[in-house]
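One-letter residues, chain by chain:
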Amino acid sequence: MENSLKKYDPIMFKRDLIAALTLFVMLIPQGMAYAMLAGLPPVMGLYAATVPLFVYALVGSSKHLSIGPVAITSLLVFSGVSVYAEPGSSVYITYVIVLAFMVGGLQLLFGLFKWGVIVKFIPHSVLNGYTSAAAIVIGISQLNHLLGMDTGNYLQVHFLLFEVFSRINEIHLLTLAVGLGSILLLILVKKFTPKLPNALVAVFLSTIVVASFRLEGHQLQVIGDVPSGFPGFFVPELTIETVMMLTPMALTIALLGSMESLSIGKAIAKKENYEINPNREFTALGLSNIVGSFFSSFPVNGSFSRTAVNHQAGGATQLTAVMTGIFVLITVTFFTSAFYYIPNAALAAIIIVAVYKLIDFPEMKRLFLVKRFEGWIWVTTFMTTLFIGIQWGIIVGAIFTLLLIIRKSAKPEIVQLGYVEREKTFRDISRYPEAITAKKVRILRVDSSLHFANVAFLDEKLKGLSDVEEAEWLILDMSGVNDIDSVSIQRLEEVIEYFRKRQITMLFSNMKGSIRDTVYKVGWKEKYSEQCNHLTLEQLLREKGLRSYFDPAFNYISSSKERVHDYII
């Protein structure tokens, strides 16, 4: 923050103040709604919007990132802790605060040991599929507040929907009316007066209606009494049993929360021409969660929507977060009595409207169009999150990605090359049907590094070449091979001998220096000097007197019937 304040002036203060007020009116209803989503008393959402903001402002590298309660983190908290305790109970709240401390501890470790790079191992397709499914789960999980019925603590969509339909006769019509009215109001305000904070408008108007007509006396659920004042210093009670129990969820929240924070932080930083330090962001988020847990905060991270609003509202420095936290602190201390008549249905409506934008089916279509491989990863992650459990989505998605990568690497692409006259070079004949090939000289290119898991595939393809008995020369272009292991070298030696017995000379071209260094270590310089001393394909063909086989005039005179066009192996 020091660098941001060196050139601080009244204009920047005004920008920060306006942005802070804008974020404040968003945070009050959102914070309470997301606390409710996490199975916590609504006021804890306000606790999470104070101390963590101050800590991040001191340590973070982003000038615009708005941290605090967010929907997906709140749902993860609920899914991870509700298994062990009844939501809203004192034991549940204790577990959540311990979880916040553990999330912060993991993020701090990632930052201090510079392990921020770990987030790069979770691909975009996994994160996008997970977020889309989680948004649906979040929306459906709010039906209990929207319909005024008990749908249980399920986080699998099919179970939630089954509960809703099996209890459809229990719908509380007044609650439904308030909820649907709030959703309609949120959409209309956003559409026709986008500068107004639609969440605050919905909460304010619904509260006025409830208080005016005393609707809480008609079985409409409201927030009720909210303790005033800020909670005292509280040290999370860590036990080995609790730590072991919460570690999987703490790791998931730490990684996912950091990825979301980094992605939105980097996007805004790029627009404003400054750099984000990933490891410093891990450290800042970690300290925010650790210190926040001492003041009854649940896990927090960067918010996509609030960060975008902060930027659009003109926020210039981290002082925006400090001012926002101060405004929330004042509200918690003096004005909690105003929250009594806020209907739960209105808070549920805020969550539903906020998360529907995270459902990204167009991205799934784009991934299938660009790379089916990534499309299937998206679908697998999405379906797992939706039907098996939100805590399994990223894990299964990452494992599925790894399996697909292994499967793909086990079958390297091998293409036959032919001479393209108009380009004066050798190309893949499946892409250039006019390329000239020859029966006596087969040229293949390997487009992958060779290792123990894929060299058997290469072996099979080479030995299974069509019309290979008619060839006298088999040339392997190694320009696409960046690495090779000892097992692959041994298998290539066997292939060389296999073709030698059949009076076919196998040669290699375009071997990179690192590959030559490796094969020389096992004696190829003495055993197979002829095989690996050709730097380029053209050099090899001319040295062996094979270039004429690919000359258009030679091929025309020797009759087109003798030419063979093989396709991708």
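Just so we're clear, the structure is a prediction, and the values are computed from it rather than from any experiment.

Hey, could you run me through helix 2 (residues 10-37) in this one?
Because an α-helix packs 3.6 residues into every turn, residues spaced three or four apart end up facing the same way. Spanning 28 residues, helix 2 covers 39 Å between terminal C-alpha atoms, matching the ideal 40 Å at 1.5 Å per step. Gly 39 sits one or two residues past helix 2 and shows a positive phi near 80 degrees.

Got a minute to help me understand the side chain of Thr 50 in this structure?
Topologically, Thr 50 is positioned in the loop between helix 3 (43-47) and helix 4 (51-59). Among the residues examined, Thr 50 registers a relative accessible area of 0% and is labelled buried. Among the polar contacts made by the side chain of Thr 50, one reaches the main-chain carbonyl oxygen of Tyr 47 at a distance of 2.7 Å.

Even after reading the chapter, I still don't get the pairing of strand 5 (residues 441-446), so can you show me in this structure?
Across a regular strand the side chains alternate sides, sitting on one face of the sheet and then on the other. Counting buried positions along strand 5 yields 5 of 6 residues, so the element is predominantly enclosed. Here strand 3 (residues 414-420) runs beside strand 5; their pairing, made up of 3 bridges, is antiparallel. Within the sheet, the bridge partner assigned to Gln 416 lies in strand 5 and is Leu 444. Two strands pair when backbone bridges link them, and strand 5 and strand 6 (residues 473-477) are joined in this way by 5 bridges, in the parallel orientation. When the bridges of strand 6 are listed, Arg 445 appears paired with Asp 477.

Help me understand the confidence of the model for the protein, please; the structure alone is not making it clear to me.
For any part of a model where pLDDT is low, the fine detail of the predicted coordinates should not be relied upon. Across the protein, the average pLDDT comes to 87, with 95% of residues at 70 or higher. For residues 556-569, every residue scores under 50 in pLDDT, and the model assigns this stretch 28 contacts once sequence neighbours within four places are set aside.

What should I look at first to understand the side chain of Thr 320 in this one?
As for its position among the elements, Thr 320 is in helix 15 (residues 319-334). Contacts of Thr 320, omitting those with residues within four sequence positions, involve Asp 16, Ala 19, Ala 20, Leu 23, Asn 310 and Gly 315.

I'm lost on the sheet that holds strand 7 (residues 505-509) in this one. Help?
Sheets are built from strands paired through backbone hydrogen bonds, the pairs being either parallel or antiparallel. If you walk across this open sheet you meet the 5 strands as 4-3-5-6-7, and the pairing is mixed. Only two strands of the sheet have a single partner each, and these edge strands are strand 4 (425-428) and strand 7. Pairwise comparison of adjacent strand axes, ignoring direction, gives a mean angle of 35 degrees for this sheet. Along the sheet, helix 20 (residues 455-463) makes contact with strand 3, strand 5, strand 6 and strand 7, crossing strand 3 at roughly 50 degrees. The strands touched by helix 21 (residues 486-500) are strand 6 and strand 7; relative to strand 7, the strand with the most contacts, the crossing angle is about 140 degrees.

What's the story with the nonpolar core in this structure? I'm lost.
Grouped burial of nonpolar side chains is what soluble globular proteins tend to show. Grouped together as the largest cluster of nonpolar side chains are 108 residues, with contacts concentrated most on Leu 40, Leu 99 and Leu 347. Excluding residues within four positions of it along the chain, Leu 347 makes contact with Pro 29, Met 32, Ala 33, Met 36, Val 203, Ile 223 and Ile 342. Residues Leu 458, Ile 496, Met 506 and Cys 532 belong to the second largest nonpolar core, which totals 28 residues.

Conventions used here
Residues numbered from 1 in each chain as written. Predicted model: local features only at pLDDT ≥ 70, side-chain atom pairs only at ≥ 80, totals over all residues. Heavy atoms only, no water. Helix = DSSP H or I, 4+ residues; strand = E, 2+ residues; numbered from the N terminus. Expected span 1.5 Å × (residues − 1). Buried < 20%, exposed > 50% of the residue type's maximum accessible area, 1.4 Å probe, protein only. Polar contact = N/O pair within 3.5 Å; in protein donor to acceptor, adjacent residues only side chain to side chain. Pairing = 2+ DSSP bridges. pLDDT = per-residue confidence, 0-100. Contact = heavy atoms within 4.5 Å. Axes fitted to C-alpha atoms, helices over the stretch in contact; angles between N-to-C directions. Core = buried A, V, L, I, M, F, W, Y, C linked by side-chain atoms within 4.5 Å.

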